[in-house]
Structure formats: C-alpha cells, structure tokens
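Tertiary structure, described
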Amino acid sequence: IASEEFFHVAFPPKDNCTNSNTTGTPLGNVDCDLGSTPLRKVVSPTLNATHDALYFVERFSLTAEDYSWLFAQRQLTDKESDPEEVVACMFIQNHADRWQPWVVYSERIEITWDDPCWPTVWWQLGMMAILSSLVGRCHCHRTNPRSILNRVQQNNDACVAGTMTMQDVNAAMKRRRRANTNQLGSCDGKDCDKEVLRSMTAEWSTKKRTSRKSRLGCSLSLLNRYFISDSTQVKAALLKGELTFMSWKRSADNFVMLNASSKVQAPPQCRTPMRGRLATHLDVLHYLLSSSIKYVFGMSSVLAMIGSMWGTIAHMIATNYKHNLEVDPMGLEQWLEFGDNLMTLSSSFSFLPVFLLGFFVNRECSRWVSLIDCAYGACGRVQDIALLLAGAIEGVNDRDTAEARRQYLFRAYRWLNAVHYLNYYGVDVRMGSSPGEVLWDLVYAGLLLEEEAEVLLGTPNKMQQVILSWLSCLWHQMQREGVVLASSTHQFTDKLSDLRGSVLHVEQAPNLIKVMLKIVMSLLTLFILIAYPWQLRVEDQCFQPWALMSTFILNFCYIGLLAMMTTLEKSPFAPSGDCINTDYILCEVELMTFRCIRACFSRDIEGHHLRPSGTLELEEAIMQEAAQVVTASEVLEEDTQEAPEIKVVGEEGSVTLVEI
C-alpha cells in the first residue's frame, strides 16, 4: 500500500484534551492528537555496554523517503526467500551516504606478525649480529696498556715481597738452555754452551714474546705478508715481540779490541722503521686496515643497522596509526610531533659532546707528542753522557792503561744502554711484564752481569736509579784513580741528574673525565639512533635507506673522534694505538754511544802515531790524505832549498808585476 493512500485520522487537539488518558507510552490510551514526537529507542544493558552498536542505534534514523523506497523495493523482491534482508542489502549498497555517519569502528588494528615489513627487520637483525661478532673479535685482540702496567706493578710487588728470586730466573734460564740444546743437536763442552747462549740471545726476543697472547689478526697478517708497508711493519713488530736490540751479544773483547788484526762488530741497525709514513695511497690503505679506524667503521655499521631496523619499525608504527585514524584521529599527528621534538632535543644536546670531544682530542694529541718528546729527551741524555765520557777519560791508548780504561768505558756503555732499555719497561709490551723477564733480556744481551741482575731484582721499581747510582760511583772511582779530571765532575753530575729526570712515565687521564665523556657520548649516540630514523622515513617502503646512511655517517664521525682520543690516550708505545717503534730508538742510541765512546780508540797502542778506529773506507781516506800531505811537505822542503829571487818588474793599476 502506498503511503499516499493513507489518511490522517483526526483526534481532538492535545490542548483541548483535559480529561485525556494519553500518557505517550504503550500502557496508555490515545484519545488526543499527540502531534510530532521523536522516535524512542529502547536498548538492553548488553547493547548499551557495546560502544560501536550503541553509537549506531543512537544515530539510526529513517525519513519518509527512505520508507517509501524500502516499501517499493519490498514489493519488487516479494518472490525472494528472505525479501527483507535483500531490501536491507540494497539500501546499504545504494545509500552509503545515509548510513556511513551512523557507523564507527572503535576497535584498534594492531601490528601482527603477518606484517610484510617483518622480514626486513629480521635480515637487518642478522646483519647486525654478524657485524657485532666481527667487531667484538677485533676488540678482544686489542692490547690494553693499562692491564700491562698493572701486571708489571704486581710482578714488581711480588719481587719486593720476596716471592720471586734470582733462583727462579736462573731456573727458567736453565730450562731455556736445555730446550735450545735439544734444538741444536749434538755439541759438547764449552762450545756447546757458547752455541746455546748465542742461540738464546739471537732467538730470545722472538720465541719468548710470541708465546704471549699477542696475535696479529687476519688483516694485519695478510698485509704484513703480502703488502708490506712501514705502518704494518711497526705494528707487527710490536705484536710479535721483535727486537733487533736484543739480537746480538755485547762483549768486552769486541768493545775493547786490543788486537789490531780483529774487526770491530758494531751494533746492528734496526730492521723495522721507527714509524709508519703515509707517502702513497697504498700506505693510507694499510693504515686504515691496521689501525683502530676499522673498529670505528665496524661499530658505526652495527649502529647503522640498528638505526635502519628502528626506521623500519617506526615506519610500521606510522602505517598502523594511519589505519587507525577513525579510532584515534590524533595518533599519527602526535607520533610525528614527538619525533620533531626528539630531533630538536638531539640537535641541542650535540653541542656539549662535540665541545668535550674537541677539547680532549686536543689534550690527548699534546700528551702523545709530549711522550715522544720524553723518549727523545732520554735519548739525548744518554748521548750527552756518552760524549762526555769519550772526552773525559785519558789513557785509553797507552800501553799500560789502555785495557783498564777501556774496560771502564765498556762498563759505562753497558749501564747506559741498560738504563735506556729499562726506560721502556712497563710501557712497551716487548720488554716483558716482570723483572725476571727484563733482567733475563739484559743479562743475555750482555748489558748486565748476573750478579748485577741479582741486585736489581731486589729493587724492581727503582732499577734505573740503581744503575745510575753505579754510574756515579764509577765516575768517582775513576776520579780517585786519576782517570778523569775533577773539573768534569760537576758537568757529569748534571748530565746524570738530567738522565734520571727523563725517566718515562705514562700517566692516564682522570677517571671522572673519561666516565663523564663516555656517558655524554652514549646519550648522543642514543639520540642519533632514535631521532634520525624517526624523521628520515621513506613512505610505502619497509627498508629505510636514509635512516641507515644518516646513523652511519653521524656515528662514524662521533665515534671516530672518541676512538681517536682513546687511541692517543694509550701512549705511542702501545700496539693497539698509534705506535712508534722503540726498538729503532734503542738501536740508534746504542750505535751512537758505541761510536762516540770508541771514537778515540786506536788499534795500535805501541806507537805515537795512532790511527783512530772506524770503517775501512774512512781509514783508507785518512791514509790517502796523510800520504798527500807527506808528499806536499817533501816537495816544499825541496823547493825551499833553492831560494828563488823575486824582482818587482812594474805596476799596472793596482796589480804589481813580479818576476821569479
């Protein structure tokens, strides 16, 4: 029935119904015209507790046109099995603008494990695990100079307490001697002992130190074997324990050299350069692979993978907020606003770490250079005393006093180089970590006698000072015997005091400064990892390349500066730092002292015309020059026997013409 065919039934107006029983509820009567009243909706408590359903019921409203359309469609679908459901579906399909305001979805769409971005997170996590293992392995191979100093101090304290004696050192020497005897095979008598001793001296530096836990690592081993450069040679020498200074035996016979037919054997020059020089691009590549920069690169790569992984997760969260805009319309906006605030905080906070890093890097650079200056200062003090001794001692070429005076100089030569060697004990890992090791080196190198090592073993913390006291006593003994003049005593004492003051000591930076800087840098790294991937997202893409690049570049810069400060803090003598080769300094100083002290030695102590010892080329040149002087003097004597007559012929300007 069409709605137009219905007619309005008139009731008395509501204002005139004074005795009406109309209540407006289903329980009352209708005997008055009620007029237009809103539709009342009654719901159950269960429906009232359901947010989305109650929202729909409250807003559901059909107009007269809607009813007319529904009734008309109902007549057309009368033959359907469920015509009412068919009409309701048709109304939803054709009148979306009418029912969409009635519906709301309040249930959040959560991130599930079926999200397509999770595989990207997993492979980034795997890459981070691989890089972390490689970085951890490189970090474990690095030598900590602080632990070396602590171990040296513990061993020194053990000697002071009397738990280590020279008998222990001698027992170790005997075990070493037996091992070398087995290696040499058949030998008998004293010759065998000499051969064993020579083998122990030549191979001691390598065999003793390679037994320690110092390994080159894959990259340095490859470079040192196939692509040799100065930087890799220096670092490999420190890690393998190679010391040219300990590769030969000092002897009084070689130093004194009273036999004119013998040939003096000078100390060897160091096989390894003092420091790597970056002269070519290949040298730069070697340095990058053998220095701590590769650790900085690995650590920055690990943090970059973490940042990229967080960027992918941030992209998933932002996408989820977009899907839940109807439930939480402000969620995405608040998420992006929080990221902006975090970026502002990170930019403001970065000033303090950068300032501290610049200050401490400059400080550690100055400290690193000052340690090099201290090492050179010790070299200069030793050479000064050698020069003073060379000119102060008289009678080194006299028949009666030559041997005794040269023995004095050899003793001073031994002690000076022993003091110089002990200057790096506890600083350079090759010098050993206990007094027994360092004294063993000096005894077998011929720089100390066993009875002298026995005395030094009782004062492990002051071995240099004890040897300097021996030098002072030696000087005064020579002064009493008339070997040196008393006028040189004051100068010698000053030089000896300067050498004592040049004892190398590596002091670390205050712990409070290092801890505070590490905390500040950790916070800055955390801000970089969170803020930059949050902001530099690429829409509709799981992998976030800008997050990866930004975190890598920033962390490489900041961690690189921190690693630079840490590397310089380790001193120039640590293998894991920017190191120099102290073996080169030791060899050069010993060669200089050897040449200077023996400069006035003559091989012929019987005559008065003495030839100074030196290289064969120098001696031949001196002989040739002397022969030319003798020839010229003979010619001059012959010419003077016939006195020439000189006449003045005339003058031309300022020139006087003469005739002979």
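In what follows, the structure referred to is the one given above.
Report on the accompanying structure.

1. Some details on the overall build of the protein chain
Along the backbone of the protein chain there are 25 helices and two strands. For the protein chain, buried positions account for 38% of its 660 residues. Restricting to contacts in the protein chain with at least 6 residues of sequence separation, those with at least 24 account for 73%.

2. Here's the deal with the packing of aromatic side chains
Following the criterion strictly, the structure yields 29 aromatic pairs and no others. Look at Phe56 and Phe60: their rings are 5.7 Å apart centre to centre, the planes differ by 40°, and that puts the pair in the tilted class. Looking at Phe56, the relative accessible area reads 33%, which means it is partly exposed. Among the residues examined, Phe60 registers a relative accessible area of 32% and is labelled partly exposed. Geometrically, the ring pair formed by Trp440 and Tyr444 is tilted, given 6.2 Å between the ring centres and 50° between the ring planes. Of this pair, Trp440 and Tyr444 both sit in helix α18 (residues 435-444), four residues apart, roughly one helical turn. Accessibility assignment for this pair places Trp440 and Tyr444 in one class, buried. Taken together through their ring pairs, the aromatic side chains of Phe255, Phe410, Tyr413, Phe594 and Phe601 make up a single cluster.

3. Regarding the side chain of Asp428
Turning to its location among the elements, Asp428 is positioned in the loop between α17 (402-422) and α18. A residue is classified by how much of its surface remains accessible, and Asp428, at 1% relative accessible area, is buried.

4. Some remarks on a nonpolar patch on the surface
A cluster of nonpolar residues, Leu278, Val284, Leu288, Ile293, Phe297 and Phe556, forms a patch on the protein surface that exposes about 480 Å² of accessible area. Mapped by element, the contributors of at least two residues to the nonpolar patch are α13 (281-290) and α14 (293-323). Its relative accessible area of 35% is what places Leu288 among the partly exposed residues.

5. Topic: the pattern of salt bridges
Within this structure, the stated rule accounts for 13 salt bridges. Close ionic contact of Arg74 with Asp78 constitutes a salt bridge, the shortest N to O distance being 2.9 Å. The exposure class of Asp78 is partly exposed, given its relative accessible area of 48%. Between Glu590 and Arg250 there is a salt bridge whose closest N-O contact spans 2.7 Å. Placement of Glu590 in helix α24 (residues 582-597) and of Arg250 in the loop between α11 (230-240) and α12 (252-256) is noted, with a sequence separation of 340 residues between them. Given the relative accessible area of 1%, Glu590 is considered buried. With relative accessibility at 3%, the residue Arg250 sits in the buried group. Counted as one network, the salt bridges with shared partners bring together Arg74, Asp78 and Glu84.

6. Considering the state of the cysteines
Note on terminology: a disulfide is the covalent bond linking the sulfur atoms of two cysteines. In total, this model carries one disulfide according to the counting rule given. Note on cysteine connectivity: Cys117 is disulfide-linked to Cys542, with sulfurs 2.1 Å apart. For the disulfide bridge between Cys117 and Cys542, the dihedral angle about the S-S bond is near -70°, and by the sign convention the bridge is left-handed. Taken together, the residues span a long stretch of sequence, with Cys117 in the loop between α5 (96-99) and α6 (118-140) and Cys542 in the loop between α22 (511-535) and α23 (545-569) at a distance of 425 residues. Given the relative accessible area of 5%, Cys117 is considered buried.

7. Describing the nonpolar core
As a rule of thumb, nonpolar side chains are buried together in soluble globular proteins. Membership of the largest hydrophobic core comes to 72 residues, with the highest contact counts inside it found for Leu389, Tyr421, Leu448, Ile467 and Met478. Listed by contribution, the elements that provide at least two residues to this core are α16 (351-392), α17, α18, α19 (450-457), α20 (463-480), α21 (489-501) and α24. Beyond its immediate chain neighbours, meaning those up to four positions away, Ile467 contacts Trp415, Ala418, Val419, Leu422, Leu448 and Leu456. Counting 12 residues, the second largest nonpolar core, distinct from the first, contains Val361, Leu517, Leu524 and Met565.

Rules behind the numbers
Residues numbered from 1 in each chain as written. Predicted model: local features only at pLDDT ≥ 70, side-chain atom pairs only at ≥ 80, totals over all residues. Heavy atoms only, no water. Helix = DSSP H or I, 4+ residues; strand = E, 2+ residues; numbered from the N terminus. Buried < 20%, exposed > 50% of the residue type's maximum accessible area, 1.4 Å probe, protein only. Contact = heavy atoms within 4.5 Å. Phe/Tyr/Trp six-rings, centres within 6.5 Å; stacked < 30°, edge-to-face > 60°. Patch = residues over 30% accessible without salt bridge, like charges linked within 9 Å, V, L, I, M, F, W, Y side chains within 5 Å. Areas by Shrake-Rupley, 256 points an atom, 1.4 Å probe, with all protein chains shown as cover. Salt bridge = Lys/Arg side-chain N within 4 Å of Asp/Glu carboxyl O. Disulfide = S-S within 2.5 Å. Core = buried A, V, L, I, M, F, W, Y, C linked by side-chain atoms within 4.5 Å.

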